[in-house]
Amino acid sequence: PPGPNHTQQVAAITAQVTAQVTAQVTHLLGQVFEAARLSLATAIQHAFIVGLGVSIAIVVITFFLKDVPLNTGGLAAPVRQPATVPAAGDAAAIGEAEVAGV
């Protein structure tokens, strides 16, 4: 209601509401951040446990792999040259090669 103390009453109520809302929001955000921190810590812990299990499994599997000797002769396998396709202008050469039995 309007009156001589209206401005002071509105200012007091506004300050009180602002303080309450600030306290509630601060408390709520604290809870949210705490829950996020705990969930991230749990997720990281589970990821390390899974990674440890996978690496142990890989080490065990390596014991069952067959030993294959390396090529120590220094000679690489011969490289096969791809067949060349004659150009369109070489039709006469193709025909001569077929006649010659090549």
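Residues numbered from 1 in each chain as written. Predicted model: local features only at pLDDT ≥ 70, side-chain atom pairs only at ≥ 80, totals over all residues. Heavy atoms only, no water.

J.: Would you take a moment to explain the overall build of the protein for this structure?
T.: On a plain count of helices and strands, the protein comes out with two helices and zero strands. Evaluated residue by residue, the protein yields a buried proportion of 0% over its 102 residues. Of the roughly 9,500 Å² of accessible surface on the protein, 71% is carried by carbon and sulfur atoms. (Helix = DSSP H or I, 4+ residues; strand = E, 2+ residues; numbered from the N terminus. Buried < 20%, exposed > 50% of the residue type's maximum accessible area, 1.4 Å probe, protein only. Areas by Shrake-Rupley, 256 points an atom, 1.4 Å probe, with all protein chains shown as cover.)

J.: What should I look at first to understand the pattern of salt bridges in this one?
T.: Any two side chains of opposite charge can pair if their charged atoms end up close together. Tallied over the entire structure, the rule returns one salt bridge. The salt bridge partner of E34 is R37, with a shortest N-O separation of 2.7 Å. Taken together, the residues E34 and R37, both in helix α1 (residues 6–62) and three residues apart, mark about one turn of the helix. (Salt bridge = Lys/Arg side-chain N within 4 Å of Asp/Glu carboxyl O.)

J.: What is the right way to look at the environment of S55 in this model?
T.: With respect to the helices and strands, the residue S55 is situated in helix α1. Under the relative-accessibility criterion, S55 is labelled partly exposed at 35%. One polar contact links the side chain of S55 to the main-chain carbonyl oxygen of G51, over a distance of 2.8 Å. (Polar contact = N/O pair within 3.5 Å; in protein donor to acceptor, adjacent residues only side chain to side chain.)

J.: Can you help me understand a nonpolar patch on the surface in this one?
T.: Together, I13, V17, V21, V25, L28, L29, V32 and F33 make up a nonpolar patch on the protein surface, roughly 720 Å² of accessible area in all. Looking at where V32 falls in the secondary structure, it is placed in helix α1. (Patch = residues over 30% accessible without salt bridge, like charges linked within 9 Å, V, L, I, M, F, W, Y side chains within 5 Å.)

None of the figures reported here should be taken as evidence of function without further support.
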